[in-house]
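Here are the chains, one letter per residue:
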Amino acid sequence: MPEQPADRELVAWFETLGSADVPRVGGKNASLGEMMRGLAASGVRVPDGFATTTDAFRAYVEANGIGGRLGNLMAALRDGRADLRDTGEAARRLFLEGEFPPAVAEEIRQAYRELSRRSGVLEASVAVRSSATAEDLPDASFAGQQETFLNVRGESALLDACRRCYASLFTDRAIAYRQAKGFDRRTIALSVGVQRMVRSDIGAAGVMFSIDTETGFPRVAVISAAWGLGETVVQGTVDPDKYMVFKPALADTRLAPIIEKTLGGKEHKLVYAGGGSARTATVPTTRKERQAFVLSDDDILQLARWAVAVEAHYGRPMDMEWARDGETGELSMVQARPETVQSRRGAGILKTYRLKGRGKVLLTGSAIGEAIATGTACVLRTAGDIERFRDGAVLVAEMTDPDWVPVMKRAAGIVTDHGGPTSHAAIVSRELGVPAVVGTGRATSALKDGDAVTLSCAEGEQGRVLEGALPFESEDVDLSSIPPTRTAMMVNMASPGAALRWWRLPARGVGLARLEFIIGNVVRAHPMALLRPEQVADAAARREIETLTRGYASPAAYFVETLARGIGKLAAPFHPHPVIVRLSDFKTNEYAGLLGGAAFEPKEENPMIGWRGASRYYDPRYQPGFALECQALVRVRKHLGFGNVVVMVPFCRTPDEADRVLAVMAENGLRRGEDGLQVYMMCEVPSNVILAAEFARRFDGFSIGSNDLTQLVLGVDRDSADLARLFDERNEAVMRFIADAIARAHAAGIKIGICGQAPSNHPEFAAFLVDQGIDSISLNPDSFVTATREVARTEAAATGRARAQDMVAAP
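Reading guide: rules and limits
- Residues numbered from 1 in each chain as written.
- Predicted model: local features only at pLDDT ≥ 70, side-chain atom pairs only at ≥ 80, totals over all residues.
- Heavy atoms only, no water.
- Helix = DSSP H or I, 4+ residues; strand = E, 2+ residues; numbered from the N terminus.
- Rg over C-alpha atoms; globule rule 2.2 N^0.38 Å.
- Buried < 20%, exposed > 50% of the residue type's maximum accessible area, 1.4 Å probe, protein only.
- Contact = heavy atoms within 4.5 Å.
- Areas by Shrake-Rupley, 256 points an atom, 1.4 Å probe, with all protein chains shown as cover.
- Lys, Arg positive; Asp, Glu negative; His and termini not counted.
- Charge placed at Lys NZ, Arg CZ, Asp CG, Glu CD.
- Pairing = 2+ DSSP bridges.
- Axes fitted to C-alpha atoms, helices over the stretch in contact; angles between N-to-C directions.
- Parallel < 35°, antiparallel > 145°, perpendicular 65-115°, else oblique.
- Left-handed = near helix turned anticlockwise from the far one by under 90°.
- Nonpolar A, V, L, I, M, F, W, Y, C, P; charged D, E, K, R; others polar.
- Phe/Tyr/Trp six-rings, centres within 6.5 Å; stacked < 30°, edge-to-face > 60°.
- Lys NZ or Arg CZ within 6 Å of the ring centre and 35° of its normal.

Now for the overall build of the chain. Within the chain one finds 29 helices and 30 strands. Scaling as 2.2 N^0.38, a compact globule of 811 residues should have a C-alpha radius of gyration of about 28 Å, and the chain matches this with 30 Å. In terms of its C-alpha atoms, the chain occupies a principal-axis envelope of roughly 95 × 65 × 55 Å. For the chain, buried positions account for 58% of its 811 residues. Across the chain, every contact between residues at least 6 apart in sequence was considered, and the portion connecting residues at least 24 apart equals 70%. Accessible area of the chain: about 31,600 Å², with a carbon and sulfur share of 49%. Each charge class in the chain was averaged separately, 95 positive and 102 negative side chains, and the resulting centres sit 0 Å apart.

Bringing the sheet that holds strand E21 (residues 462–467) into the picture now. Sheet architecture is closed into a barrel: 7 strands sit in the order E15-E19-E18-E17-E16-E20-E21, paired in mixed fashion. Shown here is a sheet whose adjacent strand axes are inclined to one another by a mean of 35°, direction ignored. In this structure, strand E16 (residues 372–379) lies alongside strand E17 (residues 394–397), joined through 3 bridges in parallel fashion. Across the sheet, the residue bridging to cysteine 378 is leucine 395, located in E17. In the packing of helix H12 (residues 424–432) onto the sheet, contacts are made with strand E15 (361–368), strand E18 (413–416) and strand E19 (436–438), and the angle to E15 comes to roughly 75°.

As a further point, take the packing of helix H26 (residues 732–748) against helix H28 (residues 763–772). H28 packs onto H26 with a crossing angle of 30° between their chain directions and a minimal axis gap of 10 Å. When the axes of H26 and H28 are compared, the pair comes out roughly parallel. Considering how the two elements wind past one another, H26 and H28 form a crossing that is right-handed. Facing H26, whose interface residues are Met735, Ile738, Ala739 and Ile742, H28 presents Phe765, Phe768, Leu769 and Gln772. Looking at the contact of H26 with H28 residue by residue, the classes come out as 7 nonpolar, 1 polar and no charged.

For the structure shown, the criterion picks out 17 aromatic pairs. Judged by centre distance (5.1 Å) and plane angle (85°), the ring pair of phenylalanine 57 and tyrosine 166 falls under edge-to-face. You can see phenylalanine 57 sitting in helix H2 (residues 54–63) and its partner tyrosine 166 sitting in helix H6 (residues 155–168), a full 109 residues away along the chain. For phenylalanine 57, a relative accessible area of 6% puts it in the buried group. When its relative accessible area of 0% is taken as the criterion, tyrosine 166 is described as buried. Between the aromatic rings of tyrosine 60 and tyrosine 166, the centroid separation amounts to 5.2 Å while the plane-to-plane angle is 70°, which identifies the pairing as edge-to-face. One end of the pair, tyrosine 60, is in helix H2; the other, tyrosine 166, is in helix H6, with 106 residues separating them in the sequence. Among the aromatic residues, ring-to-ring pairing joins Phe57, Tyr60, Phe95, Phe100, Tyr166 and Phe170 into one connected group. Between the NZ or CZ atom of arginine 118 and the centre of the ring of tryptophan 13, over which it lies, the distance is 3.9 Å. Lying across the ring of tryptophan 611, arginine 616 places its NZ or CZ 4.1 Å from the centre.

Pasting the structure below:
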């Protein structure tokens, strides 16, 4: 075998590399060197290591006479004289049967000895990763296309792993991917990264993005975490914990802006193998591990700060992998590459999907993409079954790895049993633009071949698989075409899981953030049941409450922290614009429906005008529960950093009641005017309008609740089907009350808005509000564009009329 010319560099240490070295060591290794050199001052830790260069790869190819034979194989594939499977197998055999040139082998051995010396051991345990020259670039992720080998120990094992990395350049999936991307195999070479293993096998690992991978919202970091080695998260074989951090607030070290903490199933973990030829083994997690969050708040915040530093250094959103050493507790960054999907989407176009029919919900999981798709299910157990796949079907699998990519491209949608938002299935689905619902837990058993299904990923973070092929519609909105308005156009929000998808709207804040959805669907338990569980007679409810609150300091802490994070997620998309959070306004029958709620709620004949809103907050029967709401809001403003949150009191019947509520709020840390806190009132009871001047001395603003105001002005139960024909905000009596409320608020020097659908449902009602000089209109996000255009037309017409009058009046 010929000797390698001495003038070629065969091995390079990470600390000598940077972004400009992609042609020498590939995107992955160049990025590790860039982080090591450029981000050490920011505290980012990168485990030590070295890379074999592309010169070493070419020397291997030359020494083993691979080039010509490989060219013939690829030509046969290209001309249709050979199939992908046979071509890939033959190409890999060329590499696996080759030998390293002595000079190359010796350089690798010497570098490994030095790495072992630096690590303070005789034979370091290393991760051996492929790094192709066309990989991890801003426009091509090559997610998982080449191999990774973990817990490699010893010189012979290392050389074998390097040889296998070379061969992985020609896996079937990698060949197909390069063909799809238009890469010429002759221009691509492989470097191998050899990196000291972080003992995450007895610690934890995961993936992190500096952008929300579903919506493209750029101001959050999203972290997935599982016990053991990180391959389980990357491959999607485990359902990881998920954390989300609001990046702008990280600059203030006093804050902890974690706006989501979701506990994953984490049923197994990948660890070092105890013996035999296998280097790693999958083992079940303990019950304690499954029930605990992988990361502490401090770890979450440190990783998020690293995400900010890495993103700022590279000047683009990034996809990263991290690990935590189980011996030292130290966090390390082990990979960083450009995020290649959301960062390339234009911010000026908002595409929305809407279901037009209803169907039985068969499965739920994490929504990937924001689209809707229909098709017939094709259930495949292994990648070996992909020849059965039918183009345009919905792929149903336990999980996917890179072997599935050729068939994923042909699918209308994808459903998996396992995996989270950062799994292989999720990453590739996003890149291909194919909607997916991942981590359903039982898709392969619940769905059968040929079942007609609809995948809906257009309603927030939770994706749904529905029975039947349901009709749907989509719309492309050019956001640059939305006209500016004098009236502040705002949005109504309820679901934290759906909030981020609307960040592109040019809204001037949230005019109504409803707590009821968070309490009812995320917290799920009655606050008094969390404070006094001994009073809950229902044993099943007590057990469910115990499960929900496990891992928190107390059930009350569960309520406060969960509610606070939900509010934070509603507040994030439009920060720093105001976010007006209405205090809980459940009726007694709705409160009773919460876990443990029946023990604390009276039965009322007419809950709509019963013990609701402000009247509950100072009542001894509920005041301790209301205190938890107040604590959550204090946490949102002072701990998470959302000082833009405004608190709004609903259904406040008298000025005396307002005083009592404000006093209870102040006792619990929400004192009007302190730290810039503004407190608004829902203007929805006739007394609010008649005594507007009295209420205006107690509040900073009003928001008209047209539904309750219409109900009470007309004496019509808004839930009555028999009286629905009489319920109309455009009734003259209701419009007089609204006009009076606007005039009185302005006379008192405070702002007034409206939060309801009437302005979008009835253009003439929007025109009426604008003519009355309302300060803001808040609508559901899907009505925002239409209503804003109508308001702009009304304002333009009013301006035109005023100019005409001025011209007539001029001498």
